[in-house]
Amino acid sequence: MRKKVIAGNWKMNKVLSEANQFVDDVAGKVPNSDNVEAIVCAPFPFLATLVEKTKGTSLKVSAQNMHFEDNGAFTGEVSPVMLKDLGVTHVVLGHSERREYFAETDETVNKKAHAAFKHDLTPIVCVGETLEQREANETKGLVESQVKRALDGLSDDQITQTIIAYEPVWAIGTGKTASSEDANEVCSHIRNVVKEITSEAVAEKVVIQYGGSVKPTNVDELLAQSDIDGALVGGASLEAESFLQLVEAGVK
Ligand SMILES: O=C[C@H](O)COP(=O)(O)O
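- If you check an unreviewed UniProt entry, the protein appears there as Triosephosphate isomerase from Ornithinibacillus caprae.
- Its UniProt record gives the protein the following Sequence similarities (unreviewed entry) comment, quoted word for word: "Belongs to the triosephosphate isomerase family."
- Turning to the protein, the UniProt annotation filed under Catalytic activity (unreviewed entry) states: "D-glyceraldehyde 3-phosphate = dihydroxyacetone phosphate".

Rendered as structure tokens:
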């Protein structure tokens, strides 16, 4: 059975004292279980402190983005070397907000995925369609293309370790969730795409999350689906109590 991965993406929220308080409230309560992995995806300025505070707990710390180069003249950017040096374990790549507002492309996501593995970071690769694309019946084709381009050139072993997050853009922060059946249908399609580019064994192991207005009231139904192995959660991950409920749902 695949483990469930619950990742809270804080986006551009909280100040340091709030981030610390969250981790103080949550880290010791995250179960040490083979069934679930809990991750907070925090803004860059908090990462060093949060890594220190979560040492010896089951809560992992992720960045929300990074550059693909190790170092250099890239003012304002953060490299995988820096993240690894801090003790960060995961990095979110290709979130739709990065694609929409910061010119992230499938090509840069792919470069970042390679850079993540070069530095032993686990990428959480986001894919998903806009409402316009869904209404034009382009969801599966679009997601298939995003997955293939993001994973291009990775080894089977690396693809096995990659976390893929299916996030329909129209469901992010809107309170609209894809029905669990619709979300599962796309996650199942993603698994088939992974099978096509690797093997059935890899596809059966790869973790595929759903994201988009996941909250404690709908998480059970989503996680009960055959191909949904966790959640990438924005708004409902900001409060300790709500985040812990989501993690608990993953243990069941
Ligand atoms: O990264 C998280 C997703 O964008 C979902 O955000 P949301 O749970 O606020 O809809």
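## So, the overall build of the protein
For step 1, the next point in the chain: Tallying secondary structure elements over the protein gives 12 helices and eight strands in all.
For step 2, the next point in the chain: The C-alpha radius of gyration computed for the protein amounts to 17 Å, which stays within 12% of the reference 18 Å derived for 252 residues, consistent with globular compactness.
For step 3, the next point in the chain: Summarising its shape, the C-alpha atoms of the protein cover approximately 45 × 45 × 35 Å along the three principal directions.
For step 4, the next point in the chain: When the 252 residues of the protein are sorted by exposure, 53% land in the buried category.

## Comments concerning the packing of helix α1 (residues 16–26) against helix α12 (residues 240–251)
The angle between the axes and the distance between the axes are what describe a pair of packed helices.
For step 1, the next point in the chain: One can describe the packing of α1 onto α12 by two numbers: an axis separation of 9 Å at closest approach and a directional angle of 45 degrees. Put simply, α1 runs oblique to α12. Crossing of α1 against α12: the hand is right-handed. Here Phe22, Asp25 and Val26 of α1 come into contact with α12, specifically with Ala240, Phe243 and Leu244.

## Focus: the UniProt feature "binding site: substrate" (unreviewed entry) in the protein
For step 1, the next point in the chain: UniProt annotation of "binding site: substrate" (unreviewed entry) refers to Asn9, Trp10, Lys11, Gly173, Ser213, Gly234 and Gly235 when read in the numbering used here. For this annotated set, covering 227 residues, all C-alpha atoms fall within 13.8 Å of each other, a compact arrangement in space.
For step 2, the next point in the chain: Structurally, Asn9 is set in strand β1 (residues 4–9).
For step 3, the next point in the chain: Here Asn9 falls in the buried class, since its relative accessible area comes to 5%.
For step 4, the next point in the chain: Here Asn9 is in contact with Cys41, Gln64, His95, Leu232, Val233, Gly234 and Ser237, once residues within four sequence places are set aside.
For step 5, the next point in the chain: One polar contact links the side chain of Asn9 to the main-chain amide nitrogen of Lys11, over a distance of 3.1 Å.
For step 6, the next point in the chain: Following the sequence through the fold, Trp10 ends up in the loop between β1 and α1.
For step 7, the next point in the chain: Given a relative accessible area of 0%, Trp10 falls into the buried group.
For step 8, the next point in the chain: When near neighbours in sequence (up to four residues on either side) are disregarded, Trp10 contacts Ala19, Phe22, Val40, Cys41, Ala42, Pro43, Phe46, Leu50, Gln64, Ser237 and Leu238.

## Considering the sheet that holds strand β8 (residues 230–233)
For step 1, the next point in the chain: Pairing in this closed barrel of eight strands is parallel, and the strands run β1-β2-β3-β4-β5-β6-β7-β8 around the ring. Taken over all neighbouring pairs, the strand axes of this sheet differ in orientation by 25 degrees on average, direction set aside.
For step 2, the next point in the chain: With four bridges joining them, strand β2 (residues 36–41) and strand β3 (residues 59–63) adopt parallel strand pairing. Residue pairing for β3: Ile39 is matched across the bridge by Lys60.
For step 3, the next point in the chain: Along the sheet, helix α5 (residues 106–118) makes contact with β4 (90–93) and β5 (122–127), crossing β4 at roughly 175 degrees.

## As for the pattern of salt bridges
For step 1, the next point in the chain: On inspection of all chains with the given rule, the structure shows 21 salt bridges.
For step 2, the next point in the chain: Beyond isolated ion pairs, a larger network of salt bridges with shared partners links Arg2, Arg191, Glu204, Asp227 and Asp229.

## Considerations on the site of the ligand
For step 1, the next point in the chain: Around the ligand, the structure places 13 residues, and the nearest of them are Lys11, His95, Glu167, Gly173 and Ser213.
For step 2, the next point in the chain: At 2.8 Å, a side-chain N or O of His95 approaches an oxygen atom of the ligand.
For step 3, the next point in the chain: Its residues placed into classes, the shell around the ligand shows four nonpolar, seven polar and two charged.

## Brief notes about the UniProt feature "active site" (unreviewed entry) in the protein
For step 1, the next point in the chain: The UniProt entry lists His95 and Glu167 under the feature "active site" (unreviewed entry), expressed in the numbering used here. The largest pairwise C-alpha distance within this set of annotated residues, which runs over 73 residues, is 8.5 Å, so the set is compact in three dimensions.
For step 2, the next point in the chain: Inspection of the secondary structure puts His95 in the loop between β4 and α4 (96–101).
For step 3, the next point in the chain: Accessibility expressed as a relative area gives 4% for His95, which makes it buried.

## Some remarks on the nonpolar core
For step 1, the next point in the chain: Ranked by size, the top nonpolar core spans 69 residues in total, and within it Ile190 and Val194 carry the most contacts.
For step 2, the next point in the chain: Of all hydrophobic cores here, the second largest spans 11 residues; its members include Val5, Ile39, Val92 and Ile163.

Analysis parameters
- Residues numbered from 1 in each chain as written.
- Predicted model: local features only at pLDDT ≥ 70, side-chain atom pairs only at ≥ 80, totals over all residues.
- Heavy atoms only, no water.
- UniProt positions renumbered as here; feature names shortened; annotations may be inferred.
- Helix = DSSP H or I, 4+ residues; strand = E, 2+ residues; numbered from the N terminus.
- Rg over C-alpha atoms; globule rule 2.2 N^0.38 Å.
- Buried < 20%, exposed > 50% of the residue type's maximum accessible area, 1.4 Å probe, protein only.
- Axes fitted to C-alpha atoms, helices over the stretch in contact; angles between N-to-C directions.
- Parallel < 35°, antiparallel > 145°, perpendicular 65-115°, else oblique.
- Left-handed = near helix turned anticlockwise from the far one by under 90°.
- Contact = heavy atoms within 4.5 Å.
- Polar contact = N/O pair within 3.5 Å; in protein donor to acceptor, adjacent residues only side chain to side chain.
- Pairing = 2+ DSSP bridges.
- Salt bridge = Lys/Arg side-chain N within 4 Å of Asp/Glu carboxyl O.
- Near = heavy atom within 4 Å.
- Nonpolar A, V, L, I, M, F, W, Y, C, P; charged D, E, K, R; others polar.
- Core = buried A, V, L, I, M, F, W, Y, C linked by side-chain atoms within 4.5 Å.

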